[in-house]
Amino acid sequence: MNDYLVYIPEGWKPSDKLPLYVMVHGCGTTAEQQMHANLLNPLADRERFLVAYPDNGGQCWRAVSNDKASTTRGGGGDADVVAGITRQASSSYNADTDRVYLMGMSSGAFQTSATVAAYPELYAAAGVSAGGGYGMDFLSCMVLPDATAPLYAPQAVEQMGPRAHVMPFFSIGGTGDPLGEQPVLGGCARHAYLAWLSVNNFLKPGEDGDTFRDDPASARTGQVPDGYAWTSKVAQGRDGCQIAERWTVDGMSHYWPGGTTDPAYAGKFNDPKGPNASEASWRFFEQFTLSGGNSACRK
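To keep things clear, this report deals only with the structure shown in the data block. These numbers were taken from a predicted model, which means no experiment stands behind them. By convention here, each chain's residues receive numbers from 1 onward along its written sequence. Owing to the predicted nature of the model, reporting of local features is limited to residues with pLDDT of at least 70; listing and counting of side-chain atom pairs is limited to 80 or more, with chain, interface and lining totals taken over all residues. The basis for every side-chain value is the complete set of heavy atoms in the structure, and neither hydrogens nor water enter the calculation.

1. Some words on the environment of Pro-162
Here is step 1: The helix and strand labels rest on DSSP assignments: H or I over at least four residues marks a helix, E over at least two residues marks a strand, and numbering proceeds from the N terminus. Looking at the secondary structure, you find Pro-162 in the loop between helix 6 (153–160) and strand 6 (169–174).
Here is step 2: Owing to a relative accessible area of 79%, Pro-162 belongs among the exposed residues under this scheme.
Here is step 3: Along the backbone, Pro-162 and Glu-121 are 41 residues apart, and their C-alpha atoms lie at a distance of 9.8 Å. Exposure classes here rest on a 1.4 Å probe applied to the protein chains alone. A residue is buried below 20% of its type maximum, exposed above 50%, and partly exposed in between.

Written out as structure tokens, the structure is:
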């Protein structure tokens with residue numbers, strides 16, 4: 001079992017049964033650095049959830065290179081590690097196993113896609129920041145067109161096997177980042193979003209982001225004061241229920257959006273000029289439970 005950190009919100013009691021947000025760091029980042037950078041802990045205090053931070057000592061999670069052992073159930077690689085940490089943290093802190101969510105940054109994003117495919121029964125929803133989908137490696141999703149993204153979906157469905165369920169999915173990335181939303185060359189976070197739409201039967205092979213129509217009423221735009229403009233869109237089914245959400249940050253490079261302004265972390269691990277990705281991802285995740293059908297209708 002690799003090391004991990006757990007943040008317990010203020011006032012927590014062993015009898016509490018709180019949601020668990022699992023945050024997987026990227027290459028060259030430790031769990032502690034990720035924790036200080038993205039400011040999930042103050043949000044956890046306010047919203048009452050636990051946070052687990054898997055830590056592999058700042059190494060890249062191996063799904064970033066589509067390492068088979070780390071993208072398969074029981075392969076002895078990083079998918080098993082992250083799933084094991086999820087189970088152990090859930091058990092140790094009496095988490096609500098109906099409300100467990102997995103989020104990853106950069107190589108941790110690739111590992112998130114791999115882990116929720118290998119262990120879908122553990123997670124009610126998942127998300128990525130600046131990283132790709134199941135079966136992708138960082139080189140492929142930096143050069144392939146959007147229409148290829150749905151072609152990865154059958155691999156994910158096969159890995160999910162009899163445990164498969166609709167996996168609500170959140171993505172966020174910057175247009176200055178080929179692992180995020182860079183429009184000309186790159187867009188790994190966008191490819192992850194499109195691939196998981198296909199897993200969830202929203203896209204067919206050969207379709208892309210232009211073919212798929214996000215709910216037009218859901219589109220929102222914003223501007224961080226002295227920072228970046230952003231756009232978010234929601235994917236909804238015919239019943240009007242939400243299943244995915246995609247954020248695009250204009251001009252941002254390879255960082256976690258938002259977070260601390262502390263110069264020890266800002267500009268190295270996060271960009272405070274971006275929208276608050278911790279808040280945005282939590283607002284998406286909190287709508288979903290494993291037992292609730294994995295869809296959420298906007299009121």
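2. Observations regarding the pattern of salt bridges
Here is step 1: Here, a salt bridge means any side-chain nitrogen of Lys or Arg that lies within 4 Å of a carboxyl oxygen of Asp or Glu. Going through the model one piece at a time under the given rule, you end up with 15 salt bridges.
Here is step 2: The shortest N-O distance in the salt bridge between Arg-48 and Asp-16 comes to 3.2 Å. Of this pair, Arg-48 sits in the loop between helix 2 (40–47) and strand 3 (50–55) while Asp-16 is found in the loop between strand 1 (3–7) and strand 2 (20–24), placing the two residues 32 residues apart along the sequence.
Here is step 3: Look at Arg-48 and you get partly exposed, because its relative accessible area is 27%.
Here is step 4: A salt bridge links Arg-283 to Glu-286, with the shortest nitrogen-to-oxygen separation between them at 2.9 Å.
Here is step 5: Classification of Arg-283 as partly exposed rests on a relative accessible area of 33%.
Here is step 6: The class of Glu-286 is partly exposed, set by a relative accessible area of 36%.
Here is step 7: Beyond isolated ion pairs, a larger network of salt bridges with shared partners links Arg-46, Glu-47, Glu-279, Arg-283 and Glu-286.

3. Here's the deal with the state of the cysteines
Simply put, disulfide is the name for a covalent bond between the sulfur atoms of two cysteines.
Here is step 1: Working definition: a disulfide is two cysteine sulfur atoms within 2.5 Å of each other. Tallying each qualifying case throughout the model produces two disulfides.
Here is step 2: Two residues share a disulfide in this structure: Cys-27 and Cys-60, whose sulfurs sit 2.0 Å from each other. Taking the sign of the S-S torsion, 125° for the link of Cys-27 and Cys-60, the bridge is right-handed. Placement of Cys-27 in the loop between strand 2 and helix 1 (31–38) and of Cys-60 in the loop between strand 3 and helix 3 (78–92) is noted, with a sequence separation of 33 residues between them.
Here is step 3: For Cys-60, a relative accessible area of 37% puts it in the partly exposed group.

4. Overview of the packing of helix 3 against helix 4 (residues 107–118)
Here is step 1: Note on method: axes are straight lines fitted to C-alpha atoms, helices fitted across the in-contact stretch only, with angles between N-to-C directions ranging 0 to 180 degrees. For the pair helix 3 and helix 4, interaxial distance at closest approach is 9 Å and the crossing angle is 75°. If you check the angle between helix 3 and helix 4, you find them roughly perpendicular. Across from Asp-78, Ala-79, Val-82 and Ala-83 in helix 3, the residues of helix 4 making contact are Gln-111, Thr-115 and Ala-118.
Here is step 2: Classes in brief: Ala, Val, Leu, Ile, Met, Phe, Trp, Tyr, Cys and Pro nonpolar; Asp, Glu, Lys and Arg charged; the others, Gly included, polar. Across the contact of helix 3 with helix 4, the residue classes break down as four nonpolar, two polar and one charged. For this classification, under 35 degrees means roughly parallel, over 145 means roughly antiparallel, 65 to 115 means roughly perpendicular, and everything else is oblique. Contacts are residue-level and defined by heavy atoms, with any inter-residue pair within 4.5 Å sufficient.

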